[in-house]
Amino acid sequence: MIGKLNHVAIAVPDLGAAAAQYRDTLGAHVNPPQDEPDHGVTVVFIDLPNTKIELLHPLGDDSPIAGFLAKNPSGGIHHICYEVDDIMAARDRLTAAGARVLGDGTPKIGAHGKPVLFLHPKDFTGTLVELEQV
Ligand SMILES: CC[C@H](C(=O)O)C(=O)SCCNC(=O)CCNC(=O)[C@H](O)C(C)(C)COP(=O)(O)OP(=O)(O)OC[C@H]1O[C@@H](n2cnc3c(N)ncnc32)[C@H](O)[C@@H]1OP(=O)(O)O
Ligand SMILES: [Co+2]
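Residues numbered from 1 in each chain as written. Chains lettered and ligands numbered in written order. Predicted model: local features only at pLDDT ≥ 70, side-chain atom pairs only at ≥ 80, totals over all residues. Heavy atoms only, no water.

**Looking at the environment of Asn6**
Our working rule: The helix and strand labels rest on DSSP assignments: H or I over at least four residues marks a helix, E over at least two residues marks a strand, and numbering proceeds from the N terminus. Any two residues whose heavy atoms approach within 4.5 Å are treated as being in contact.
Along the polypeptide, Asn6 turns up in strand 1 (residues 5-11). In this structure the C-alpha to C-alpha distance between Asn6 and Leu131, which are 125 residues apart in sequence, comes to 8.8 Å. Among residues more than four places away in sequence, those in contact with Asn6 are Thr51, Lys52, Cys81, Tyr82, Glu83, His112 and Glu132.

**Some words on the UniProt feature "domain: VOC" (unreviewed entry) in the protein chain**
Heads up, the condition is: UniProt positions are given in the numbering used here, feature names are shortened, and annotations may be inferred rather than shown by experiment.
Those places that UniProt annotates as "domain: VOC" (unreviewed entry) correspond, in this numbering, to residues 4-134. The span residues 4-134 is 21% helix and 37% strand, and its two end C-alpha atoms sit 10 Å from each other.

**A short note on the site of ligand 1**
To keep things clear, this is the line we draw: Nearness of a residue to a molecule or strand requires only that one of the residue's heavy atoms be within 4 Å of it. Definition of a polar contact: a pair of N or O atoms within 3.5 Å, with one able to donate and the other able to accept a hydrogen when the atoms are protein atoms, and with sequence-neighbouring residues admitted only if both atoms are side-chain atoms. All accessibility values rest on the Shrake-Rupley procedure with a 1.4 Å probe; residue burial counts only the protein chains present in the view. Three categories are distinguished: nonpolar for Ala, Val, Leu, Ile, Met, Phe, Trp, Tyr, Cys and Pro, charged for Asp, Glu, Lys and Arg, and polar for the others, with Gly belonging to the last.
Contacts to ligand 1 come from 19 residues, most closely from Glu54, His78, Ala111, Lys122 and Glu130. One of the side-chain N or O atoms of Lys71 is found 3.2 Å from an oxygen atom in ligand 1. Note that an oxygen atom of ligand 1 is positioned 3.0 Å from one of the side-chain N or O atoms of Glu130. Isolated, ligand 1 exposes 1100 Å² of accessible area, and the fraction of that covered by the protein chains is 70%. Of all the elements in the fold, those that place two or more residues in the shell around ligand 1 are helix 2 (66-71), strand 6 (76-84) and strand 9 (128-133). Residue composition of the shell around ligand 1, by class: eight nonpolar, six polar and five charged.

**So, the layout of surface pockets**
Empty space among the atoms becomes apparent when a probe as large as a water molecule is rolled across them. Heads up, the condition is: Points on a 1 Å grid, built from protein atoms alone, make a cavity when a 1.4 Å probe fits but cannot get out and make a pocket when they are open with protein on both sides within 12 Å along at least 5 of 7 lines; residues with an atom within 4 Å of a point are the lining residues. Grid points are joined across faces, edges and corners, and a volume is the space filled by probe spheres set on the points.
Each pocket or cavity is described by its volume, and for the largest pocket that value is around 750 Å³. Lining the largest pocket are 34 residues, and of these His39, Pro64, Leu102, Phe118 and Leu128 sit closest to its centre. Where the lining of the largest pocket is concerned, the elements lending two or more residues are strand 4 (41-47), strand 5 (52-58), strand 6, strand 8 (115-119) and strand 9. For the lining of the largest pocket, the residue count by class is 15 nonpolar, 11 polar and eight charged.

**Digging into the nonpolar core**
For clarity, the cut-off: To form a nonpolar core, buried Ala, Val, Leu, Ile, Met, Phe, Trp, Tyr and Cys residues must be joined to one another through side-chain atoms within 4.5 Å. Relative accessibility under 20% of the residue-type maximum defines a buried residue, over 50% an exposed one, and the middle range a partly exposed one, all with a 1.4 Å probe and only protein chains included.
The biggest cluster of nonpolar side chains holds 24 residues, and the ones touching the most others in it are Tyr22, Val44, Ile46, Ile53, Leu55 and Leu131. For this core, the elements supplying multiple residues, two or more each, are strand 1, helix 1 (15-25), strand 4, strand 5, strand 6, helix 3 (87-96), strand 8 and strand 9. Tallying contributions element by element places helix 1 first for this core, with four residues. When near neighbours in sequence (up to four residues on either side) are disregarded, Leu131 contacts Ile2, Cys81, Tyr82, Val84, Ile87, Ala90, Leu94, Pro115, Val116, Leu117 and Leu119. In terms of nonpolar packing, the next biggest core, distinct from the first, is built from eight residues, Ala9, Phe45, Ile65 and Leu69 among them.

**Digging into the coordination of the cobalt ion (ligand 2)**
Note the following rule: For Na, K and Ca the donor cut-off is 3.2 Å, while for other metals it is 2.8 Å, and in both cases only N, O and S atoms qualify; water is not among them, so sites may look incomplete. Only four donors with every angle between 85 and 135 degrees are called tetrahedral; only four or six donors with opposite donors over 155 degrees apart and all others between 65 and 115 are called square planar or octahedral, in that order; all others are irregular.
Listed as protein donors to the cobalt ion (ligand 2) are His7 (NE2), Glu54 (OE), His79 (NE2) and Glu130 (OE); their distances from the metal cover 2.1 to 2.4 Å. Each of the six donor atoms around the cobalt ion (ligand 2) contributes to a set of angles spanning 78 to 168 degrees, which defines the coordination as octahedral. Mapping the donors of the cobalt ion (ligand 2) onto the primary sequence yields the spacing H-x46-E-x24-H-x50-E. Residue His7 is located in strand 1, and its partner Glu130 is located in strand 9; the two are separated by 123 residues in the primary sequence. You'll find His7 and Glu130 in the same group, each marked buried.

**Re the pattern of salt bridges**
The condition that has to hold: A side-chain nitrogen of Lys or Arg and a carboxyl oxygen of Asp or Glu constitute a salt bridge if their distance falls within 4 Å.
By the definition in use, this model includes three salt bridges. In this structure, Asp24 engages Arg23 in a salt bridge whose closest nitrogen and oxygen atoms are separated by 3.0 Å. For Asp24, a relative accessible area of 54% corresponds to the exposed category. Classification of Arg23 as partly exposed rests on a relative accessible area of 44%. Arg100 serves as the salt-bridge partner of Asp123, at 2.8 Å between the closest nitrogen and oxygen. Taken together, the positions of Asp123 in the loop between strand 8 and strand 9 and Arg100 in the loop between helix 3 and strand 7 (108-109) put the pair 23 residues apart, joining distant regions of the chain. On the accessibility criterion, Arg100 (41% relative accessible area) is partly exposed.

Here is the structure:
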């Protein structure tokens, strides 16, 4: 069911500083910031030869990553995103297996304009998993 690793997301306290570090210190191709109000974050995608890094910063008062950054003020790896062919079939398979799909189970449109879902970290060895239909 899960396919390629689409991205690894890192929550950061200072988006500009983190983007500059990836651009200048690590020499990576850094894309401009994208506000994603529907998700409560601003994201910066960094293109790597085999996947992407997604830098995340809270947007608005009710960001789902605010708690994570409060617990990890220097930032940290927030989630990993796997690609799936059929997100509804994936959701139904995961729900049947007893995994918690976050929200009401209805995919949202993510930063790449594709449907995404999130799975509770406590059900996947302490790791927040995002699925993106490609
Ligand atoms: C623009 C879309 C973009 C894209 O790629 O397209 C995105 O990726 S948007 C990314 C931001 N959106 C989300 O993360 C949505 C899903 N996340 C959530 O709903 C919350 O973050 C949630 C429910 C995972 C955690 O929320 P919160 O921290 O407020 O809840 P708790 O404090 O109750 O946490 C419960 C429990 O889980 C641990 N936790 C929280 N976040 C993470 C994490 N990222 N990785 C691992 N573990 C996490 C937290 O420490 C609690 O554990 P406990 O042992 O009980 O302390
Ligand atoms: Co993501």
